[in-house]
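A look at the structure
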Amino acid sequence: MSEGNDPQGKFMSAEEAVRRFVKDGDLVTIGGFTVSRNPMALAREIIRQGRRDLHLAVHSHGQAMDLLVGAGCVRRIEVAYGGTGRFAPTCIRFRRAAQSGELEVEDYSNFQMGLRFLAGALNLPFMPCRSGLESDLLAKWGFSPELRQREGKLARHKAVVTENPFGDTGERVVLLPALTPDVALIHAQYVGDDGTVRIKGLTFLDLEQARAASRVIVSCEEIVPAAYLRQDPDQNSLPHFLIDAVVRAPYGAHPTACHYFYDYDPRHLNMYRREAGEDESFRGYLKRWVFDAPDQESYLAQVGTSDLIRIRANSQAGYAPGLDRR
Amino acid sequence: MPPAYTNKEMMALAAGRLVDNGDILFAGTGLSMLAATVAKRIHAPAATVFFETGGIDPALAELPLAVADPRVMSGSCLNSGLLDAFSLLAHRRLRTISFLGAAQIDAYGNINTTCLGDYHRPRVRFPGSGGACDAMSQAFAVILFMQHDKQRFVEKLDYLTSPGWLSGGDSREKAGFQRGGPRAVVTNLGVMKFDETTRRMYLHQLYPGVSAQEVADNTGFEMDLTRASQAEPPSEAELKALREDVDPQRLILGPAAE
């Protein structure tokens with residue numbers, strides 16, 4: 001990326017993007033889902049820069065969330081699910097932090113989180129749904145009324161049950177407060193040199209999360225000419241003017257998958273599960289994979305060529321057929 | 001000599017048999033992935049599978065290990081996102097069947113996937129709702145997977161993550177749900193269903209070699225055992241499809257039978 005092609009100065013290193021756009025105490029949302037397209041390069045940079053007291057708002061989250069929680073960057077979390085499928089049915093550091101009480105947790109469902117991001121994106125105060133009537137998702141609040149009073153980023157109520165005002169049958173609906181994160185972290189396959197984002201495969205809630213956030217950082221596998229993305233605009237996901245920072249990070253979602261580029265890395269995820277189990281071995285993991293690998297290039301050198309080739313996606317399937325996933 | 005098989009194989013097949021040709025299946029991870037895939041391979045080729053992440057009708061040439069596995073994005077009729085998937089789940093015209101697992105279940109099929117102990121300082125934290133509460137709230141029907149023991153089949157849940165038949169009778173309808181509710185619970189001992197009127201769980205089928213007393217001994221609440229029949233053991237064709245086609249690496253099936 002030459003300076004001449006970047007008049008708005010959007011293209012930068014992960015170090016600069018996190019330094020400029022992620023602050024202590026921010027309400028942060030991260031894109032992807034469990035084992036896919038987690039913005040791992042950005043998460044590792046947040047840990048290296050020692051961000052503290054972050055408030056995460058996520059739906060079903062896995063590796064990036066667990067790493068940020070384990071590294072002590074997160075004070076509270078609004079979450080629907082913490083797990084990476086068969087590799088860690090419940091995220092390991094998340095579980096420990098929730099059980100020890102050091103992480104304040106408030107639970108919602110995936111659809112509820114989706115609607116909350118959508119409300120934020122549409123600049124609406126709330127959205128209705130039917131999910132969770134009579135459940136503890138509504139009855140049990142993770143954050144106390146006092147904290148909600150004190151903390152400007154929290155809605156006064158977790159959720160409100162009311163009657164449909166358009167009918168006369170007393171139909172009950174759940175109202176969910178909007179989420180407007182300070183910053184969204186997204187990993188995409190392609191970003192144009194104007195900042196246009198193209199996500200391949202499933203978009204999960206990335207689009208709603210990015211539109212709801214005040215600032216958006218996108219890391220990507222490839223930066224391509226905007227003209228190339230404009231040849232097929234139906235395929236594009238987010239407009240360039242929503243994006244504040246673009247970070248080129250090949251394999252930036254590793255050890256999670258990035259459709260058409262690479263599969264999840266079963267060996268790394270199994271190793272992570274073992275090392276995350278104890279505080280000391282987890283510190284060793286952070287040292288080796290985060291602190292001693294200060295940028296994406298040195299991280300990938302640490303992963304090694306043979307593992308990167310092993311998980312490389314087949315261009316027809318989009319994943320690595322026959323990959324040993326035990 | 002009938003073929004040997006494992007509990008997990010029996011569970012995947014018992015759940016798969018509850019799928020009708022033409023059903024729209026909302027699949028989760030683990031056994032539900034096997035049940036949906038094996039049903040499609042054997043008796044319900046026109047059943048369609050979709051995932052809460054937005055992967056609609058994927059080829060499933062390989063078994064996905066998570067609902068965000070890139071294998072749910074490959075050869076699909078459409079790749080979208082969560083809000084699209086939930087609009088199909090809740091669609092009034094579609095008979096969507098959801099598969100879910102849980103840490104705890106009560107006699108009315110309400111489930112807990114959140115925690116044991118106090119919510120604010122849990123003894124054991126589980127992953128949380130994910131899309132489970134949404135499926136239990138809005139799908140046409142739900143099939144649940146459980147390990148059958150007293151710690152999991154409980155009188156009272158530590159946390160009610162996802163609403164089943166609530167307190168039974170017409171309580172689900174009164175709460176505001178327009179449809180849905182759990183249809184069956186598939187365990188390592190047999191298949192439970194819910195009474196049409198009281199909505200309380202009863203024993204519907206026992207697997208070969210399992211006694212009703214075993215079910216009672218492993219259930220933490222009163223369950224009607226009088227309506228139980230015997231489940232058919234797995235056929236050669238079912239086991240062949242499951243082992244050779246659906247999960248050849250035994251990623252979810254685990255160790256083979258002796």
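Scroll up a little and you will see the structure.
So, a few notes on the structure that sits alongside this text.

Rules behind the numbers
Residues numbered from 1 in each chain as written. Chains lettered and ligands numbered in written order. Predicted model: local features only at pLDDT ≥ 70, side-chain atom pairs only at ≥ 80, totals over all residues. Heavy atoms only, no water. Helix = DSSP H or I, 4+ residues; strand = E, 2+ residues; numbered from the N terminus. Rg over C-alpha atoms; globule rule 2.2 N^0.38 Å. Contact = heavy atoms within 4.5 Å. Areas by Shrake-Rupley, 256 points an atom, 1.4 Å probe, with all protein chains shown as cover. Lys, Arg positive; Asp, Glu negative; His and termini not counted. Charge placed at Lys NZ, Arg CZ, Asp CG, Glu CD. Buried area = accessible area lost by both parts, 1.4 Å probe. Salt bridge = Lys/Arg side-chain N within 4 Å of Asp/Glu carboxyl O. Polar contact = N/O pair within 3.5 Å; in protein donor to acceptor, adjacent residues only side chain to side chain. Nonpolar A, V, L, I, M, F, W, Y, C, P; charged D, E, K, R; others polar. Buried < 20%, exposed > 50% of the residue type's maximum accessible area, 1.4 Å probe, protein only. Pairing = 2+ DSSP bridges. Axes fitted to C-alpha atoms, helices over the stretch in contact; angles between N-to-C directions.

Turning next to the overall build of chain A. Across its full length, chain A holds 13 helices and 13 strands. What you see for chain A is a C-alpha radius of gyration of 20 Å, in line with the 20 Å of a compact globule of 326 residues. Expressed as lengths along the three principal axes of its C-alpha atoms, the size of chain A is roughly 60 × 50 × 40 Å. Considering only contacts within chain A whose residues lie at least 6 apart along the sequence, 73% involve residues at least 24 apart. Of the accessible surface of chain A, which amounts to about 12600 Å², a share of 47% is contributed by carbon and sulfur atoms. The positive charge centre, built from 40 side chains, and the negative charge centre, built from 42, are 3 Å apart in chain A.

A few words on the interface of chain A and chain B. Contact residues are listed per partner, giving 65 residues for chain A and 55 residues for chain B. Carbon and sulfur atoms supply 56% of the area that chain A and chain B bury against each other, a total of about 4700 Å² over both sides. In terms of surface lost to chain B, no three residues of chain A exceed Leu 202, Tyr 319 and Arg 325 of chain A, which account for 15% of the buried area on that side. The interface formed by chain A and chain B contains four salt bridges. Taken together, chain A and chain B are joined by 37 residue pairs in polar contact (both at pLDDT 80 or more). Elements with a minimum of two residues in the side of chain A that touches chain B: strand S5 (81-82), helix H4 (92-100), strand S6 (104-107), helix H5 (110-121) and helix H6 (136-139) of chain A. The leading source of residues in the side of chain A that touches chain B is H5 of chain A, at six residues. In the side of chain A that touches chain B, the residues fall into 26 nonpolar, 23 polar and 16 charged.

Below, the discussion takes up the pairing of strand S4 (residues 74-79) of chain A. All names here are of chain A. The element S4 is largely enclosed, with a buried count of five among its six residues. Pairing between strand S2 (residues 54-57) and S4: four bridges, direction parallel. Along S4, the bridge assignment pairs Leu 54 with Val 74. In this sheet, S6 lies alongside S4 in parallel orientation, the contact comprising four bridges.

All right, on to unusual backbone geometry then. Residues and elements named next belong to chain A. Backbone torsion omega between His 254 and Pro 255 reads 10°, so that peptide bond is classified as cis. Of note, Pro 255 is situated in the loop between strand S13 (245-248) and helix H10 (266-276). Even without a glycine there, the phi angle at Glu 134 is positive, about 65°. Inspection of the secondary structure assignment puts Glu 134 in the loop between strand S7 (126-129) and H6. Assessed through its relative accessible area of 43%, Glu 134 is described here as partly exposed.

Let's shift gears to the sheet that holds strand S9 (residues 172-177) of chain A. Residues and elements named next belong to chain A. If you trace the three strands from one edge of the open sheet to the other, you get S7-S9-S8, paired in antiparallel fashion. Looking at strand neighbours, the two that pair on one side only are S7 and strand S8 (160-163), the edges of this open sheet. Within the sheet, the average angular offset between the axes of one strand and its neighbour, ignoring direction, is 35°. Pairing of S7 with S9 involves four bridges; the strand directions are antiparallel. Note on S9: the bridge partner recorded for Met 127 is Leu 176. Against the sheet, H5 contacts S7 and S9, and its axis sits at roughly 150° relative to S7.

All quantities given are derived from atomic positions and should not be read as evidence of function.
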